[in-house]
Amino acid sequence: CLRLQATLAGGVGLRGFLAPTTDHRAEYDRLPDDPLADGPEEEVAPARAALERARRAPFAPHLETALLATARIVSEVRAAGGGGDGGADLYAADGVTGRT
């Protein structure tokens with residue numbers, strides 16, 4: 001679910017970095033800043049339920065730990081000048097853009 005993906009990735013500042021690279025990208029980019037607060041109930045309700053499951057075993061704490069580790073790696077690569085534009089957008093060299 002794109003709403004869950006945006007919520008989880010956004011929680012560690014990686015919403016743009018972990019965005020889909022498929023034909024679903026445009027839909028993902030149109031999601032509101034809080035993807036679980038606004039939108040059709042038939043989309044929001046399953047995403048909220050999935051987020052609750054993600055916060056319990058067997059997913060917790062491993063999912064959050066992995067997301068935080070990924071955020072640290074991205075931060076270090078950006079700080080070292082990785083990616084385009086001095087590391088401001090790690091994917092800039094590949095033409096990938098999106099919210100972070």
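Here's a quick rundown of the structure. Being a predicted model, the structure only gives us computed values, none of them experimental.

Some details on the nonpolar core
Okay, step 1: Ranked by size, the top nonpolar core spans 12 residues in total: Leu2, Ala6, Ala9, Val12, Leu14, Phe17, Ala19, Tyr28, Leu31, Leu67, Ala71 and Val74.
Okay, step 2: When contributions to this core are tallied by element, the ones reaching two or more residues are α1 (2-10) and α4 (62-79).
Okay, step 3: Once you skip the residues sitting within four places of it in the chain, valine 12 turns out to touch Leu67, Leu68 and Ala71.
Okay, step 4: If you look at the next biggest cluster of nonpolar residues, it comprises five residues, including Leu4, Ala47, Ala50 and Leu51.

Observations concerning the packing of aromatic side chains
Okay, step 1: Applying the stated criterion across every chain, the model contains zero aromatic pairs.
Okay, step 2: The ring of tyrosine 28 has arginine 15 lying over it, and the distance from NZ or CZ to the ring centre is 5.7 Å.

Considering helix α3 (residues 41-54)
Okay, step 1: Taking 1.5 Å of rise per residue, 14 residues should cover 20 Å, and α3 covers 19 Å from first to last C-alpha, within 8% of that figure.
Okay, step 2: Within α3, burial applies to Val44, Ala47, Ala50, Leu51 and Ala54. Buried residues of α3 fall within an arc of 130° about the axis and therefore sit on the same side.
Okay, step 3: Elements in contact with the buried residues of α3: α1 and α4.

Quick look at the pattern of salt bridges
Okay, step 1: Throughout the structure, instances matching the rule amount to four salt bridges.
Okay, step 2: Residue glutamate 43 pairs with arginine 3 through a salt bridge whose shortest N-O separation is 3.0 Å. Here the residue glutamate 43 occupies a position in helix α3, and arginine 3 occupies one in helix α1, the gap between them amounting to 40 residues.
Okay, step 3: According to the relative accessible area criterion, arginine 3 is buried, its value standing at 7%.
Okay, step 4: Of the charged contacts in the structure, one is a salt bridge between glutamate 52 and arginine 55, with a shortest N-O distance of 3.4 Å.
Okay, step 5: Residue class for glutamate 52 comes out partly exposed when judged on its relative accessible area of 41%.
Okay, step 6: Classification of arginine 55 as exposed rests on a relative accessible area of 55%.

Criteria and thresholds
Residues numbered from 1 in each chain as written. Predicted model: local features only at pLDDT ≥ 70, side-chain atom pairs only at ≥ 80, totals over all residues. Heavy atoms only, no water. Core = buried A, V, L, I, M, F, W, Y, C linked by side-chain atoms within 4.5 Å. Buried < 20%, exposed > 50% of the residue type's maximum accessible area, 1.4 Å probe, protein only. Helix = DSSP H or I, 4+ residues; strand = E, 2+ residues; numbered from the N terminus. Contact = heavy atoms within 4.5 Å. Phe/Tyr/Trp six-rings, centres within 6.5 Å; stacked < 30°, edge-to-face > 60°. Lys NZ or Arg CZ within 6 Å of the ring centre and 35° of its normal. Expected span 1.5 Å × (residues − 1). Arc of directions from axis to C-beta. Salt bridge = Lys/Arg side-chain N within 4 Å of Asp/Glu carboxyl O.

So, to be careful, I would describe these as geometric facts and stop short of saying anything about function.
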